[in-house]
Each structure stands twice: as C-alpha cells, then as structure tokens.
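Chain by chain, the residues:
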Amino acid sequence: MSTAGTLDHAELEASARAQIAGASSTEQLTAVEQALLGKRSALKAAKQGLGGLPPEERREAGAVLQEVQHRIEGALEERSRELAAVERAALLADDRLDLTEVVASQVLSSLGRGHLHLVTQTRDALEDVFVAMGFVVAEGPEAETDWYNFEALNIPPAHPARGMYDTFYLDLGEPETVVLRTHTSPVQIHLMEEAVAAARLPIHAVMPGRCFRRDTPDARHLAVFHQIEGLVVDRGITFADLAGTIETFTSAYFGPDIHSRLRPAYFPFTEPSAEFEITCTICRGAGCRTCSGTGWIELGGCGMVDPAVFEAVGIDPEQFSGFAFGFGIDRCAQMRHGIADMRVLIENDIRFLEQF
Ligand code: DAH
C-alpha cells in the first residue's frame, strides 16, 4: 500500500507539474490551481482517503501528501510569477508610445508650432516700414502721471479735450493723478525730455504700445488697444515733411495703390492739426459701406508739434520745429486684412488666429 501510495503521489505530482507548465496565462493557471488544490482535486480525494488507513500509516502518508501539496503550491507560485512577468512585458509592449511619432505627426502638423499674434505681426511690420525710413523705435510706460498723459501735451485739467479720452485712473497717490495711458503721445514727452537732458536732438522716433480707454468694445474699438506714435524734432521741419512721411508710409505699408490725405482737425498738442485718411482698403477708393461711400478711411491724427509742448519739455520753439502723428495698430490690421469686427482680435479663437 505504501509503495502504491508513493507511486500515486509521484504520478499525482508529475501530472500536476505538467498541468502547471502547460498553463499559458494567469487565467489558465488559476483554473489549474483550482483543479489541483480545490475541493474536487485528486489531492483532496487522497487526503480524504487517509481516513481509511491504519493510524501508523496514516501519519506517514499524510506527511507525504502534505509535502506533495507544498511542492505543487511552490510550482504554482513559480509559474504564476513567470506568467505575470511575461504578461507585464506584453502589456508594456502594447502600451508603448512612440513619442517621436507623436511630435512629428500630431504636434507639428496638426497643432503647428504657433506664431505671433496678428497685432504683434502688424506692430513689427509697421516698425519695419518706419525703421527703413530712418526712424528709431522707442517705448514708454503704460501707467503715466496726469502730467505726461495730459498736461505736458497741452491738455490742462478741465480742458474740453479730456472729454475725448475716457480715462482709467489708478488707485495710486493723490486721486486721479496716475492713469493708464489713453494714447502713446506721452512717450513723445519722455523722448523729448531725455533728448534735452542728454543734448541729443534731433529726434526721429516711432513709439508703439498698448493704450487703454474706458470704451465699450465694438466693431471698431477695443478698451485695450495699440497705437504707434511718431515724432520728428529738428531744425526746419515743415508740414510738407509731415505729409510726405505719411504718404510714404501709407504706400509702403498698404501697397502702391493706397494713398493718404490730410484734413484739418484739432488736437491740443499739435498746431496745425490734421486727421489723416487713407484710400479705403476695402473698395480701393470706389466708395463702399465701410468708408460710407467716400473712398477714404480715417487712420489717425497728426500735426506740427505745438510750441506749448516744446516749452513743457524745455525745447526752444524758435530754434526747433517738429511733427507728430499717432494711429491705431489694431485699426491697421483691421484695414489691411479686411476684418469686419475688431473684437475677434482679443477673442483668442484659434480658427481666426491661424489665418495670419
Ligand atoms: N494721441 C491722439 C489720439 O490718441 C492721436 C494723435 C493725434 C497723435 C495727433 C499725435 C498727433 O501725435 O499729432 O487720439
């Protein structure tokens, strides 16, 4: 019995090892484990058979069965580890991302690399035109004192021209003394002051930058917008220099069939002052709804620097004269690209931005 029993155990163990080795997945191995160690397994049956043995044989046979069970459990565990490793490797291989492929095919072609905003491109292009004409580019602060934004520009407190500018006041110092600049004209004052301090006249500069007005945005206005200012100060500068500069710029930036004209206007910091208009870029001068049938569109203001402004910065108006101009950068982008409503410039809709 004991010899037969040993043989049975050996067979049982050999068959168990064969089944374990044959399991090719964790799932199969779980089923094999159930078959080998579960309630209806041969091992369980053999254990139950122990009860029929005489007590002295029972202990020995029981110990042998126990060892067999341990070895089967060990073999199961080992196979389980092997299968887990194989399965994990397969999972990783499946999940593997080819990052070079994602960069090449998705990021670069479908999303693109991004580019400068249309307004920035427009500012750069305007700067290029003026630099080619001999101007330098300068910048000034976005927060200004009342003096730079208004007073030095010949707009004293209570001057009716203040009504043109719906001003944002900053909560700094005395009430209503620090503003978000309503135009780029105060940069003229900084430049002239610096030029006087360094004895560095003449000045030929353009000054692009952000401006702020308490306006409700509409098709032609934004509360935060961009202007580019121009200033030339030298001996013997005349209105003809101003008109020629505006005309040269207009055709250089908008194209040879777009021209400029000056119409009398009023600005406190220039005398005489003019509004400058360009050929309507939509109808090319024929007359359309955008230009109210006139063939001309207003772009900005200009004029000869008022002697009161020269005096505010300490330049002798008897020796020097100059001209200044200022116009909207966003407005230029709008005209050049036929953008009906300026608000799209700040909505960050990628479908719009991608077109430029
Ligand atoms: N600063 C004016 C504005 O924002 C525009 C302007 C008009 C600028 C005449 C000038 C100028 O330099 O000479 O409405």
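Note that the structure is predicted; figures quoted are calculated from it, not measured.

Q: Can you walk me through the overall build of the chain in this structure?
A: Helix and strand counts for the chain come out as twelve helices and nine strands. In terms of overall size, the chain is more extended than a compact globule, its C-alpha atoms giving a radius of gyration of 43 Å where 356 residues would be expected to give roughly 21 Å. With respect to the three principal axes, the spread of C-alpha positions in the chain is 135 × 50 × 35 Å. By the burial criterion, 40% of the 356 residues in the chain qualify as buried.

Q: Would you take a moment to explain the pairing of strand 4 (residues 203-212) for this structure?
A: For a regular strand, side-chain orientation follows a simple rule: the groups alternate between the two sheet faces. With respect to burial, strand 4 is a largely interior element, eight of its ten residues being buried. Across two bridges, the pairing between strand 1 (residues 136-137) and strand 4 is parallel. For valine 137, the partnering residue across the bridge sits in strand 4 and is valine 206. The sheet contact formed by strand 4 and strand 5 (residues 224-234) spans ten bridges and is antiparallel. The partner of proline 208 across the bridge, within strand 5, is isoleucine 228.

Q: Just checking my understanding: could you explain the site of the ligand for this structure?
A: Near the ligand you find 16 residues, and of these His183, Ser185, Arg213, Gln227 and Glu229 are the closest. In this structure, arginine 213 approaches the ligand through a side-chain N or O atom, which is 2.9 Å from an oxygen atom. At a separation of 3.3 Å, an oxygen atom of the ligand approaches a polar backbone atom of phenylalanine 325. Look at the ligand: alone it shows 360 Å² of surface, and the protein chains cover 93% of it. Of all the elements in the fold, those that place two or more residues in the shell around the ligand are helix 8 (185-197), strand 5, strand 8 (296-305) and strand 9 (321-328). Each residue belonging to the shell around the ligand can be placed in one class, and the counts come to six nonpolar, eight polar and two charged.

Q: What is the right way to look at the packing of aromatic side chains in this model?
A: By convention here, two paired aromatic rings are described through the distance between centres and the angle between planes. On inspection of all chains with the given rule, the structure shows 15 aromatic pairs. Between phenylalanine 276 and phenylalanine 327 the ring centres are 5.5 Å apart and the planes differ by 85°, which places this aromatic pair in the edge-to-face class. Of this pair, phenylalanine 276 sits in strand 7 (residues 270-279) while phenylalanine 327 sits in strand 9, and the two are 51 residues apart along the sequence. For phenylalanine 327, a relative accessible area of 1% translates into the label buried. Put simply, the rings of Phe130, Phe135, Phe249, Tyr253, Phe254, Phe276, Phe323, Phe325 and Phe327 touch in pairs and so form one group of aromatic residues. Seen from the ring of tyrosine 253, arginine 336 lies directly overhead, with NZ or CZ sitting 4.4 Å from the centre.

Q: Which parts of the structure should I look at to understand the nonpolar core?
A: A general tendency of soluble globular proteins is for nonpolar side chains to be buried together. Within the largest apolar cluster, 42 residues are counted, with the highest numbers of intra-cluster contacts made by Leu126, Phe130, Phe249, Phe254, Leu299, Phe325 and Phe327. Among all residues touching phenylalanine 254, those that are not within four sequence positions of it are Phe249, Ile278, Thr281, Leu299, Cys332, Met335 and Arg336. Of all hydrophobic cores here, the second largest spans 27 residues; its members include Leu153, Ala195, Val305 and Ile315.

Q: Hey, could you run me through the sheet that holds strand 5 in this one?
A: Strand pairing in a sheet relies on backbone hydrogen bonds, with the paired strands running either antiparallel or parallel. Pairing is mixed in the open sheet, where seven strands are placed in the order 1-4-5-9-8-7-6. Two strands bound the open sheet, and with one partner strand each, they are strand 1 and strand 6 (260-267). As paired elements, strand 5 and strand 9 share eight bridges and run antiparallel to each other. Paired with glycine 230 across the bridge in strand 9 is phenylalanine 325.

Q: I tried to follow the packing of helix 3 (residues 42-49) against helix 4 (residues 55-95) on my own but got confused; where do I start?
A: For any two helices packed against each other, the geometry is given by the interaxial angle and the distance between the axes. At their nearest, the axes of helix 3 and helix 4 sit 10 Å apart, and the two run at 165° to each other. Classed by the angle they form, the pair helix 3 and helix 4 counts as roughly antiparallel. At the point where helix 3 passes helix 4, the crossing takes the left-handed sense. On helix 4, the residues that touch Leu43, Ala46 and Lys47 of helix 3 are Leu65, Gln66, Val68 and Gln69. When the residues that make up the contact of helix 3 with helix 4 are grouped by side-chain class, the tally is four nonpolar, two polar and one charged.

Q: What's the story with the pattern of salt bridges in this structure? I'm lost.
A: Side-chain pairing between opposite charges can occur once the charged atoms of the two side chains come close. For the structure shown, the criterion picks out 14 salt bridges. Note that arginine 79 is salt-bridged to glutamate 82, the shortest N-O span being 2.6 Å. In this pair, arginine 79 and glutamate 82 are both assigned in helix 4, three residues apart and thus about one turn of the helix distant. Salt bridges sharing partners connect three or more residues here, namely Glu13, Arg17, Glu67 and Arg71.

Q: Before we go on, may I ask you to explain the environment of leucine 191 in this structure?
A: Positionally, leucine 191 belongs in helix 8. A residue is classified by how much of its surface remains accessible, and leucine 191, at 15% relative accessible area, is buried. In sequence terms leucine 191 and arginine 220 are 29 residues apart; their C-alpha atoms lie 30 Å from each other. Other than its neighbours up to four places away in sequence, leucine 191 contacts Ala138, Ile203, Ala205 and Met207.

Calculation notes
- Residues numbered from 1 in each chain as written.
- Predicted model: local features only at pLDDT ≥ 70, side-chain atom pairs only at ≥ 80, totals over all residues.
- Heavy atoms only, no water.
- Helix = DSSP H or I, 4+ residues; strand = E, 2+ residues; numbered from the N terminus.
- Rg over C-alpha atoms; globule rule 2.2 N^0.38 Å.
- Buried < 20%, exposed > 50% of the residue type's maximum accessible area, 1.4 Å probe, protein only.
- Pairing = 2+ DSSP bridges.
- Near = heavy atom within 4 Å.
- Polar contact = N/O pair within 3.5 Å; in protein donor to acceptor, adjacent residues only side chain to side chain.
- Areas by Shrake-Rupley, 256 points an atom, 1.4 Å probe, with all protein chains shown as cover.
- Nonpolar A, V, L, I, M, F, W, Y, C, P; charged D, E, K, R; others polar.
- Phe/Tyr/Trp six-rings, centres within 6.5 Å; stacked < 30°, edge-to-face > 60°.
- Lys NZ or Arg CZ within 6 Å of the ring centre and 35° of its normal.
- Core = buried A, V, L, I, M, F, W, Y, C linked by side-chain atoms within 4.5 Å.
- Contact = heavy atoms within 4.5 Å.
- Axes fitted to C-alpha atoms, helices over the stretch in contact; angles between N-to-C directions.
- Parallel < 35°, antiparallel > 145°, perpendicular 65-115°, else oblique.
- Left-handed = near helix turned anticlockwise from the far one by under 90°.
- Salt bridge = Lys/Arg side-chain N within 4 Å of Asp/Glu carboxyl O.

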